Amino acid sequence: IADDTHVIDVSRQFFDAVGEASISVETPLNSTTLTQESVQLSDLTNEGLLCNPRFVVMPLSGTARANIAALKFDFPQNTPEYYQASVFANADAHAQWIANTLSGGVFPGPQITISMQDWMSTACYPNGGPCSFYALGRNPPAIFISNNGGTGVGSGDRLWLDPEAVSHEIGHHIVGKYV
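Throughout what follows, the structure given in this document is the object of discussion.

The rules we used
The numbering scheme is per chain: residues are counted from 1 as the chain's sequence reads. It should be noted that, the model being predicted, local features are given only for residues of pLDDT at least 70 and side-chain atom pairs only at 80 or more, the latter also being counted only at that level, while totals for whole chains, interfaces and linings use all residues. The side-chain quantities take in all heavy atoms of the structure and omit both hydrogens and water. By convention, a stacked pair of Phe, Tyr or Trp rings (six-membered ring in the case of Trp) has centres within 6.5 Å and planes under 30 degrees apart, an edge-to-face pair has planes over 60 apart, and any other such pair is tilted. Strand pairing is assigned whenever DSSP detects at least two bridges linking the two strands. Note on conventions: DSSP H or I runs of at least 4 residues are helices, E runs of at least 2 residues are strands, and numbering of each starts at the N terminus. Only heavy atoms matter for contacts: two residues are in contact if any of them lie within 4.5 Å across the pair. Between the N-to-C directions of two axes lies an angle of 0 to 180 degrees, each axis being a line fitted to C-alpha atoms and, for a helix, fitted only over the stretch in contact. For each structure, a 1 Å grid was placed over the protein atoms alone; sets of points admitting a 1.4 Å probe that cannot get out are labelled cavities, open sets with protein on both sides within 12 Å along at least five of seven lines are labelled pockets, and lining residues have an atom within 4 Å of a point. Grid points are joined across faces, edges and corners, and a volume is the space filled by probe spheres set on the points. Residues are sorted three ways: Asp, Glu, Lys and Arg are charged, Ala, Val, Leu, Ile, Met, Phe, Trp, Tyr, Cys and Pro are nonpolar, and all the rest, Gly among them, are polar. For the purposes of this section, nonpolar cores are sets of buried Ala, Val, Leu, Ile, Met, Phe, Trp, Tyr and Cys residues that join through side-chain atoms within 4.5 Å. Relative accessibility under 20% of the residue-type maximum defines a buried residue, over 50% an exposed one, and the middle range a partly exposed one, all with a 1.4 Å probe and only protein chains included. We count a salt bridge whenever a side-chain nitrogen from Lys or Arg sits within 4 Å of a carboxyl oxygen from Asp or Glu.

A closer look at the packing of aromatic side chains
Piece 1. Under the definition given, this model contains five aromatic pairs.
Piece 2. Ring centres of Tyr82 and Tyr83 lie 6.2 Å apart, and the angle between their planes is 65°; on these two criteria the pair is classed as edge-to-face.
Piece 3. An aromatic cluster of at least three residues, connected via ring pairs, comprises Tyr82, Tyr83 and Trp160.

See the structure below:
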């Protein structure tokens, strides 16, 4: 509510949007079998991007950023946009669980940048391999998550699809906020 000189009241419902993403989900939970499932994405910024107050996804260098004006992120599997939607949806589902379970309905900010990478790291594996890590000292904080194109969910092989990888890194954010 506003007049020509003052904003009197603001309601988030007029600025945030709900979207949808088609992602791979472990079925049954904790298995290595993936099935397609449609999940709801909340609090999107209504700009057609995978961005809300909790996360923003930055794609792999040289690839297009997922951008859908209708906010229905339904991409063919194994495309850069599909991986972006998967990592965002998995991160946001975990953040919502944290907010509702531990934080009185609010996910502790600031917004985290999820940066998708294609490098292998000896920090995680002696001979190099896919890796993810939370960069606490960055402003804003960031999660870096790499992938090597493998197929094994839960094996450290396909981190962009693995909800446990991004959930683990979000855990570092929570520890950094509360400890």
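Some thoughts on the sheet that holds strand β1 (residues 17–26)
Piece 1. Spatial ordering of the open sheet is given by β2-β1-β4, a layout of three strands whose pairing is mixed. Unpaired on one side and paired on the other, β2 (34–44) and β4 (72–73) mark the two borders of the sheet.
Piece 2. Note that β1 and β2 share nine bridges and pair antiparallel. Pairing of Ala17 across the sheet is with Leu44, part of β2.
Piece 3. Of the strands in this sheet, β1, β2 and β4 touch helix α1 (residues 80–102), which is tilted by about 100° from β1.

Let's talk about the layout of surface pockets
One water molecule sets the probe size; rolling that probe over the atoms shows where empty space is left.
Piece 1. Its boundaries defined by the atoms lining it, the largest pocket holds a volume of some 320 Å³.
Piece 2. Ile23, Val25, Asn90, Ala93 and Pro163 are the residues nearest the centre of the largest pocket, which is lined by 20 residues in total.
Piece 3. Elements with a minimum of two residues in the lining of the largest pocket: β1, β2, α1 and α2 (163–178).
Piece 4. When grouped by side-chain class, the residues that make up the lining of the largest pocket number nine nonpolar, seven polar and four charged.

A few points about the sheet that holds strand β5 (residues 112–117)
Piece 1. Taken in spatial order, the four strands line up as β3-β5-β7-β6 in an open sheet, and their pairing is mixed. If you trace the sheet from one side to the other, it starts and ends with β3 (55–58) and β6 (132–135), each paired once. Strand-to-strand twist across the sheet, computed as the mean angle between neighbouring axes with direction ignored, equals 20°.
Piece 2. Sitting on the sheet, α1 touches β3, β5 and β7 (142–146), and the angle it makes with β3 is about 160°.
Piece 3. Where α2 meets the sheet, its contacts fall on β3, β5, β6 and β7, and the angle it forms with β6 comes to roughly 20°.

Describing the nonpolar core
Nonpolar side chains tend toward joint burial in soluble globular proteins.
Piece 1. Counting residues in hydrophobic clusters, the biggest one holds 38 residues, and the most contacted among them are Phe55, Phe73, Phe107, Ile114 and Ile170.
Piece 2. Breaking this core down by element, the ones donating at least two residues are β1, β2, β3, α1, β5, β7 and α2.
Piece 3. Here the element with the most residues in this core is α1; it accounts for 10 residues.
Piece 4. The residues contacting Phe73, other than those within four sequence positions of it, are Glu20, Ala21, Ser22, Leu41, Leu44, Gly48, Leu49, Leu50, Ala66, Ile68 and Ala85.

Describing unusual backbone geometry
Piece 1. The residue after Gly109, namely Pro110, is reached through a cis peptide bond having omega 5°.
Piece 2. Residue position: Pro110 is located in the loop between α1 and β5.
Piece 3. In this structure, Asn46 takes a positive phi of about 65° despite not being glycine.
Piece 4. Relative to the helices and strands, Asn46 is located in the loop between β2 and β3.
Piece 5. A positive phi is found at Asn78, a non-glycine position, where the angle reads about 65°.
Piece 6. Counting through the fold element by element, Asn78 comes out in the loop between β4 and α1.
Piece 7. Since its relative accessible area comes to 49%, Asn78 is described here as partly exposed.

Quick look at the pattern of salt bridges
Piece 1. Counted by the stated rule, this structure contains three salt bridges.
Piece 2. A salt bridge links Glu20 to Lys72, with the shortest nitrogen-to-oxygen separation between them at 3.2 Å. Taken together, the positions of Glu20 in strand β1 and Lys72 in strand β4 put the pair 52 residues apart, joining distant regions of the chain.
Piece 3. When its relative accessible area of 31% is taken as the criterion, Glu20 is described as partly exposed.
Piece 4. Judged by relative accessible area, which is 44%, Lys72 ranks as partly exposed.
Piece 5. Here Arg54 and Asp92 are joined by a salt bridge, their closest N and O atoms 2.7 Å apart. With Arg54 in the loop between β2 and β3 and Asp92 in helix α1, this pair connects stretches of sequence that are 38 residues apart.

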